[in-house]
Amino acid sequence: MNKRELLHRAAPHYSENQQLELAHAIDFATSAHEGQKRRSGEPYIIHPLAVADTLVEWGMDIDTVIAGILHDTVEDTDATLETIENLFGRDVAFLVDGVTKVSQARAGMRNLESYLPQTKDNLSKLLIAVGQDVRVIIIKLADRLHNLSTLQHMNREKQLKIARESLEVFAPMADKLGMGRVRMQIEELAFSYIDPTEFKRLENMMKKRLGKSTRKLGAVRQDVERELKKQNIEAEVNGRVKSIYSLYKKLKKVDGNIDDIYDLMALRIIVKDKEECYKVLGILHSMYQPMISRIKDYIGIPKPNGYQSLHTTVITPSKQIVEFQIRTRDMHEYAERGLAAGFHYHEQKDTKNYIRGRSTAASLPTQLQWITQLQEIAARLGSGDDISQDELNIDLFGNRIFVYSPKGDIYNLPEGALPLDFAFMVHSDIGRHAYSFRVNGNIHSFDKPLQNGDVVEVVTRKLSMPKQAWLDLVKTGHAREKLRSQLKKMELIETLTGAANIIRQKTLRRKK
Ligand code: MN
């Protein structure tokens, strides 16, 4: 990758001015990194160029691409943030600053043994950065991907450190952002360094298995294509092969028996719209016998990271077990690219608004509400608030549940959330005046956790006010923060009314 190639790749997607700015950034970074080399012996600039190229490929806006070019300049060269702001504007400088902060946080992690205790600090800084702009993490993911793909030049110890960190921090981050393809790329690369022997073994095992089943699957695919055509459904049918790392994880669950894994290879059916997805599901179930427990409707109820698809596993007359994934083109695009799909070069102002925290939780699609929650945590960390590891974990890495309002609106909460968490998520006024709860029609106490699928009704009373004891009855950072500020406000009002009363009494006395 060189300047000319990158500009050529970017040309179709950005305006002429933007391309000039990009060229300017490349020159700036090239001279800043002058004389520096990568471990491979190549000039350093090939790295930021590769990162920017990935960001172009992901369809990111021009500020992100330029920040990608400049991402290591403040950390590793004499370039300052002020210069970058003067030359490339506030937004770019802001992104570069975020990426630099994340790198510095990473540098704080010394060795693998002490990895866990230090994760919190690292994570916090990551959050502060992401809380302000998710694009920082997207740049970081592109950076990580290139470093992983050039890991062969590092010593074993470094390889392990970077690979493990990728698996524990960056892959889950990509997953949170719904960036399925990137998550998989990171996992495959990282795992191949962490356990090369096991990686090879599974790769061979997979090859052998696939050889056997590919031919049989081809027959199923033809049958399905023929049937869909007959029903006038235009569809694209593809095979998708399980990644080595997800095979590894799955094998651990089934005691190492590959015969128990049904989705080694799946067929993916892409159709025009949602209605057709369900139609195709019906057609498949009329052709083959479905395995009841394996039907998943992630369209009706998307995964917390926004993933949507219908999944079903069927048994063919020749006793072959085949998994299908049915989705629309948009759902497919999102499954692969996640949040990055929202940027699409220079359009998409709306996406930017919520990513930069200008929207509220209520206006976000359910599956992205966690971004706002993350931003709130980041803000609190930034203001020096002490946040317990528990609280971080429950908000960020815990499992999520979906609960419903009586009107059928879906809310996404961490597992273990209590009714007040729900109330504050719906609206801070609902939380404030919460009087009692009904869950699935029954009275439900304040301290009893909600379950996935619960229908939660908050009974409010105008005169009911928040109590200090409620602080023990909320689990999410969001509810805790809202509650705290309400309690503070009440205290202030009490003090003021108290003072007003004293003044009034004094005045009355004087009148007497
Ligand atoms: Mn870098």
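Thresholds applied
- Residues numbered from 1 in each chain as written.
- Predicted model: local features only at pLDDT ≥ 70, side-chain atom pairs only at ≥ 80, totals over all residues.
- Heavy atoms only, no water.
- Helix = DSSP H or I, 4+ residues; strand = E, 2+ residues; numbered from the N terminus.
- Buried < 20%, exposed > 50% of the residue type's maximum accessible area, 1.4 Å probe, protein only.
- Contact = heavy atoms within 4.5 Å.
- pLDDT = per-residue confidence, 0-100.
- Pairing = 2+ DSSP bridges.
- Axes fitted to C-alpha atoms, helices over the stretch in contact; angles between N-to-C directions.
- Patch = residues over 30% accessible without salt bridge, like charges linked within 9 Å, V, L, I, M, F, W, Y side chains within 5 Å.
- Areas by Shrake-Rupley, 256 points an atom, 1.4 Å probe, with all protein chains shown as cover.
- Salt bridge = Lys/Arg side-chain N within 4 Å of Asp/Glu carboxyl O.
- Lys, Arg positive; Asp, Glu negative; His and termini not counted.
- Charge placed at Lys NZ, Arg CZ, Asp CG, Glu CD.
- Donors = N, O, S within 2.8 Å, 3.2 Å for Na, K, Ca; no water.
- Expected span 1.5 Å × (residues − 1).
- Bend = angle between axes of the 7 residues up to and from the residue.
- Phe/Tyr/Trp six-rings, centres within 6.5 Å; stacked < 30°, edge-to-face > 60°.
- Lys NZ or Arg CZ within 6 Å of the ring centre and 35° of its normal.
- Parallel < 35°, antiparallel > 145°, perpendicular 65-115°, else oblique.
- Nonpolar A, V, L, I, M, F, W, Y, C, P; charged D, E, K, R; others polar.
- Core = buried A, V, L, I, M, F, W, Y, C linked by side-chain atoms within 4.5 Å.
- Domains from an automatic or database assignment.
- Left-handed = near helix turned anticlockwise from the far one by under 90°.

### Considerations on the overall build of the chain
Here's step 1: The number of helices and strands found in the chain is 21 helices and 11 strands.
Here's step 2: A burial count over the chain gives 49% of its 512 residues as buried.
Here's step 3: Taking the intrachain contacts of the chain between residues at least 6 apart in sequence as the baseline, contacts between residues at least 24 apart amount to 67%.

### Details of the confidence of the model for the chain
Here's step 1: Model confidence for the chain is summarised by a mean pLDDT of 83, while 82% of its residues fall at 70 or above.
Here's step 2: Predicted confidence is poor over residues 109-118, with pLDDT under 50, and the contacts of this stretch with residues over four places away or in other chains come to 14 contacts.

### Some remarks on the sheet that holds strand β9 (residues 434-439)
Hydrogen bonding along the main chain pairs the strands of a sheet, whether they run parallel or antiparallel.
Here's step 1: Strand order in the open sheet formed by 3 strands is β10-β9-β11, and the pairing between neighbours is antiparallel. Edge positions in the sheet fall to β10 (442-444) and β11 (456-460), since each of these pairs with one other strand and no more. Pairs of neighbouring strands in the sheet enclose a mean axial angle of 40 degrees, with direction left out of account.
Here's step 2: Helix α19 (residues 419-426) rests against β9, β10 and β11 of the sheet, and its axis sits at about 110 degrees to β9.

### Quick look at a positive patch on the surface
Here's step 1: Residues K208, K212, R215 and K216 make up a contiguous surface patch of positive charge.
Here's step 2: Residue class for R215 comes out exposed when judged on its relative accessible area of 69%.

### Some points on the coordination of the manganese ion
Here's step 1: Those protein atoms acting as donors to the manganese ion are H47 (NE2), H71 (NE2), D72 (OD) and D143 (OD), and they sit at 2.2 to 2.3 Å.
Here's step 2: Taken in sequence order, the residues that donate to the manganese ion follow the motif H-x23-H-D-x70-D.
Here's step 3: By relative accessible area, D72 is classed as buried at 7%.

### A word on unusual backbone geometry
Here's step 1: Its identity is not glycine, yet K319 carries a phi of approximately 65 degrees, on the positive side.
Here's step 2: Within the element layout of this structure, K319 appears in the loop between β5 (310-315) and β6 (321-328).
Here's step 3: Residue class for K319 comes out exposed when judged on its relative accessible area of 65%.
Here's step 4: For N440, which is not glycine, the phi dihedral falls at a positive 50 degrees.
Here's step 5: By the element assignment, N440 lies in the loop between β9 and β10.

### What about helix α10 (residues 156-176)?
Here's step 1: Between its first and last C-alpha, α10 extends 29 Å over 21 residues, near the 30 Å set by a 1.5 Å rise per residue.
Here's step 2: At S166, α10 shows its maximal bend, which comes to roughly 40 degrees.
Here's step 3: Just beyond α10, the residue with positive phi is G178, at close to 75 degrees.

### Here we look at the packing of aromatic side chains
Here's step 1: What the rule picks out here adds up to 9 aromatic pairs.
Here's step 2: Aromatic side chains F191 and Y248 sit 4.5 Å apart centroid to centroid with 35 degrees between the ring planes, which places their arrangement in the tilted category. Pair noted here: F191 is in helix α11 (residues 180-194) and Y248 is in helix α13 (residues 244-253), with a separation of 57 residues, a long-range link.
Here's step 3: Aromatic ring contacts, followed pair by pair, group F191, F199, Y245 and Y248 into a single cluster.
Here's step 4: A cation over a ring is seen here: R38 above Y44, with NZ or CZ 5.7 Å from the ring centre.
Here's step 5: If you follow R461 out to its NZ or CZ, it ends over the ring of Y435, 4.3 Å from the centre.

### Side note on helix α2 (residues 16-32)
Here's step 1: Here α2 spans 24 Å end to end across 17 residues, near enough to the 24 Å set by a 1.5 Å rise per residue.
Here's step 2: Buried positions along α2 lie against α1 (3-10), α3 (46-57), α4 (62-70), α5 (73-76) and α6 (81-88).

### Topic: the pattern of salt bridges
Here's step 1: Applying the stated criterion across every chain, the model contains 22 salt bridges.
Here's step 2: Residues E276 and K272 are paired through a salt bridge, measuring 3.7 Å at the closest nitrogen-oxygen approach.
Here's step 3: Several salt bridges share partner residues, and in doing so they unite R240, K242, K250, D263, R294 and E323 into one network.

### Structural notes on the packing of α1 against α3
Here's step 1: Between α1 and α3, whose axes approach to 10 Å, the crossing angle comes to 10 degrees. It follows from the interaxial angle that α1 and α3 lie roughly parallel. Facing α1, whose interface residues are K3, L6, R9 and A10, α3 presents L49, A52, D53, V56 and E57.
Here's step 2: A breakdown of the residues in the contact of α1 with α3 according to their chemical character gives 5 nonpolar, no polar and 4 charged.

### Some remarks on the nonpolar core
Here's step 1: Core analysis: the biggest nonpolar cluster contains 96 residues, and W58, I69, L70 and L141 have the highest contact counts within it.
Here's step 2: If one sorts the elements of this core by residue count, helix α12 (residues 196-230) sits on top with 9 residues.
Here's step 3: Lining this core are residues from two domains, each supplying at least three of them: domain 1 (3-193) and domain 2 (197-339).
Here's step 4: Not counting residues up to four positions away in its chain, the partners in contact with W58 are I138, L141, A142, L145, M179, V182, R337 and A340.
Here's step 5: Judged by nonpolar contacts, the second largest core, of 24 residues, contains A423, L471, V474 and L483.

### Points about the environment of L473
Here's step 1: Positionally, L473 belongs in the loop between β11 and α21 (477-511).
Here's step 2: Residue classification places L473 among the buried positions, given a relative accessible area of 19%.
Here's step 3: For L473 and D447, which are 26 residues apart along the polypeptide, the C-alpha to C-alpha distance reads 5.9 Å.
Here's step 4: Ignoring sequence-local partners within four residues, the contact set of L473 consists of L418, L420, F446 and D447.

### Here we look at the packing of helix α9 (residues 135-149) against α10
Here's step 1: Where α9 meets α10, the closest approach of the two axes is 11 Å, and the angle between their N-to-C directions is 145 degrees. With respect to the hand of their crossing, α9 and α10 are arranged in left-handed fashion. Judged by residue contacts, I137, K140, L141, R144 and L148 of α9 engage I162, A163, E165, S166, F170, M173 and A174 from α10.
Here's step 2: Its residues placed into classes, the contact of α9 with α10 shows 8 nonpolar, 1 polar and 3 charged.

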